[in-house]
Each structure stands twice: as C-alpha cells, then as structure tokens.
Amino acid sequence: MDLSQPSPPARASRTRSRIIAGLAALLAIAGLTTGVAMSASAAGPRRDFVSEVRHATRDFHNVDAVEHAGYAKFSDVNGVTCINGAPGQGNMGIHYVNGDLVGDGVIDPDQPEAVLYEHTASGLQLTAVEYIVTKDAWQGAQPPELAGHPFMLITAPNRFGLPDFYALHVWVWKDNPHGTYMPWNPNVHCPPAG
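All of these numbers come straight from a predicted model, not from anything done at the bench.

Thresholds, definitions, all that
Residues numbered from 1 in each chain as written. Predicted model: local features only at pLDDT ≥ 70, side-chain atom pairs only at ≥ 80, totals over all residues. Heavy atoms only, no water. Buried < 20%, exposed > 50% of the residue type's maximum accessible area, 1.4 Å probe, protein only. Helix = DSSP H or I, 4+ residues; strand = E, 2+ residues; numbered from the N terminus. Pairing = 2+ DSSP bridges. pLDDT = per-residue confidence, 0-100. Contact = heavy atoms within 4.5 Å. Arc of directions from axis to C-beta. Salt bridge = Lys/Arg side-chain N within 4 Å of Asp/Glu carboxyl O. Polar contact = N/O pair within 3.5 Å; in protein donor to acceptor, adjacent residues only side chain to side chain. Phe/Tyr/Trp six-rings, centres within 6.5 Å; stacked < 30°, edge-to-face > 60°. Lys NZ or Arg CZ within 6 Å of the ring centre and 35° of its normal.

**Comments concerning the pairing of strand E9 (residues 165–170)**
Stage number 1. Burial runs high along E9: 6 of the 6 residues are buried.
Stage number 2. Both strand E5 (residues 123–134) and E9 contribute to a ladder of 6 bridges, which runs antiparallel. Note on E9: the bridge partner recorded for Glu130 is His169.
Stage number 3. As paired strands, strand E8 (residues 152–154) and E9 are joined by 3 bridges and run antiparallel to one another. Opposite Met152, over in E9, you have Ala167 as the bridge partner.

Here's what the structure looks like:
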C-alpha cells in the first residue's frame, strides 16, 4: 500500500474543506464589493427591522433628546417646517435632521439622518424616521436599500434645497396605510399654512 496517497475518505474530506473554504472566500469578496449597502441591508435576514429601528429611536419621543443628539428642525426652501404633500397624498410632517449624517455617505439603520414628528394638541409626537444620503456621497454601485427596501431618488432642484439624494422613510411610530416605507402618510396632519 502506497502511504504517500491519501485514502478516498481523506481525499473527499479535503475536497469538502476546499469547497467550503472557496465558498467562504467568495462570500467575503461579495461582502467587500457591496460595501455599506450590504452592511445596511443584506448582511443577513433581519429579525424585525421595524422593531430594531423603534428600539434605536426610542429616546427620540423627547425632542430635547433628538436635539441633544445633533438634530435640528428643518425648513424647506420656502420656510415650511411641516412637509405636506399634494391633496389626497398625505404628509411627512416635521423633520429634525442631522446634517452631518446626511453628508457622510453612510447608511446606518441605528442612526437615521432625519426623525419625523407630527404636531398634536399635546406637543410633537414621534412618527417616523428617514434615511438620507446624497447621490454624490453614496459609494455603492447600486442605489442604497435597507431591509430589502430600495431608496427613492429625489433629483434637484427640490423643495429641500439638496442636490440629488436618496431617501427611505420608515413609519415606525405611526401607521401608514400606504405602507411602512412610503414617503407620504395620509394619517399625518400639517397645520394649515397661515
């Protein structure tokens, strides 16, 4: 018997090990090429993305906490703070935006670029978050997505005064009958302009 040749079971085991190592290398390369987009959206199945966002933003029911975290009340190019849609479309509400996060080119599910509120009789009520990245800052080969939901591209000029940007709303604190990831919510009310 020639001891220099491995037995058939040993060869099969080595072959399996090489296949597993090759697959692991391919997965690692795929992870490197998708960059931030993968880490933010497809890094694996999320148990419950909405619950995770709710957990990450639980302290933002208090507007002082959101301001302390670096967010500021946003006004559009016309000075409007409650972002309203066309009749029958719904509204987005009042945005508190962290400008440093908008320009960093990173999408982090635990750090939304904007936090949305609705004005109620008892004060501001937390309703949603919005993930925003300018198109020129985004480094991904494809438009960003989170939890399998693609971002919308908003082109310039726009009412927000931004260059082309990608955005995704997530209605984590208020139901949106149009869908959790839709931008306009008919259940959000803006006070009449006046």
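**What to know about the confidence of the model for the chain**
Stage number 1. Looking at the chain as a whole, the pLDDT averages 82, with 75% of positions reaching at least 70.
Stage number 2. Within the model, the stretch residues 10–46 combines pLDDT values under 50 with 24 contacts to residues more than four positions away or in other chains.

**Points about helix H2 (residues 49–56)**
Stage number 1. Taken as a whole, H2 has its buried residues at Phe49, Val50 and Val53. All buried residues of H2 lie within an arc of 100° about the axis, which places them on one face of the element.

**Overview of the pattern of salt bridges**
Pairs may arise between side chains of opposite charge once their charged atoms sit close together.
Stage number 1. Evaluation of the coordinates by the stated rule reveals 2 salt bridges.
Stage number 2. A salt bridge links Arg159 to Asp76; the nearest nitrogen and oxygen atoms lie 3.0 Å apart. Of this pair, Arg159 sits in the loop between E8 and E9 while Asp76 sits in the loop between strand E1 (72–73) and strand E2 (82–84), and the two are 83 residues apart along the sequence.
Stage number 3. With a relative accessible area of 24%, Arg159 lands in the partly exposed category.
Stage number 4. For Asp76, a relative accessible area of 6% translates into the label buried.
Stage number 5. Taking the shortest distance from any N to any O, the salt bridge between Lys174 and Glu118 comes out at 2.9 Å. Of this pair, Lys174 sits in the segment after E9 while Glu118 sits in strand E4 (residues 114–120), placing them 56 residues apart in sequence.
Stage number 6. Assessed through its relative accessible area of 4%, Glu118 is described here as buried.

**Regarding the side chain of Asn176**
Stage number 1. Within the element layout of this structure, Asn176 appears in the segment after E9.
Stage number 2. For Asn176, a relative accessible area of 5% corresponds to the buried category.
Stage number 3. Side-chain polar atoms of Asn176 contact the backbone oxygen of Trp184, separated by 3.1 Å.
Stage number 4. With residues near it in sequence (within four places) discarded, Asn176 still touches Trp171, Met182, Trp184, Asn185 and Pro186.

**What to know about the packing of aromatic side chains**
Stage number 1. In the structure shown here, the tally under the stated rule is 4 aromatic pairs.
Stage number 2. Geometrically, the ring pair formed by Phe60 and Tyr71 is edge-to-face, given 5.5 Å between the ring centres and 65° between the ring planes. A residue pair is termed long-range when its members are at least 10 positions apart, and Phe60 in the loop between H2 and helix H3 (63–68) and Tyr71 in the loop between H3 and E1 qualify at 11 residues. The pair formed by Phe60 and Tyr71 is uniform in burial state, with each residue classed as buried.
Stage number 3. Ring centres 6.2 Å apart and planes at 35° place the aromatic pair Phe74 and Phe160 in the tilted group. Remark: Phe160 occurs in the loop between E8 and E9 and Phe74 occurs in the loop between E1 and E2; sequence separation between them is 86 residues.
Stage number 4. A cation sits over an aromatic face here: Arg54 above Trp173, 5.5 Å from the ring centre.

**Here's the deal with the environment of Gly105**
Stage number 1. As for its position among the elements, Gly105 is in the loop between helix H4 (99–102) and E4.
Stage number 2. Each C-alpha atom, one on Gly105 and one on Ile132, is 8.9 Å from the other, the two residues being 27 residues apart in sequence.
Stage number 3. The contact partners of Gly105, leaving out residues within four places of it in the chain, are Val133, Ala137 and Trp138.

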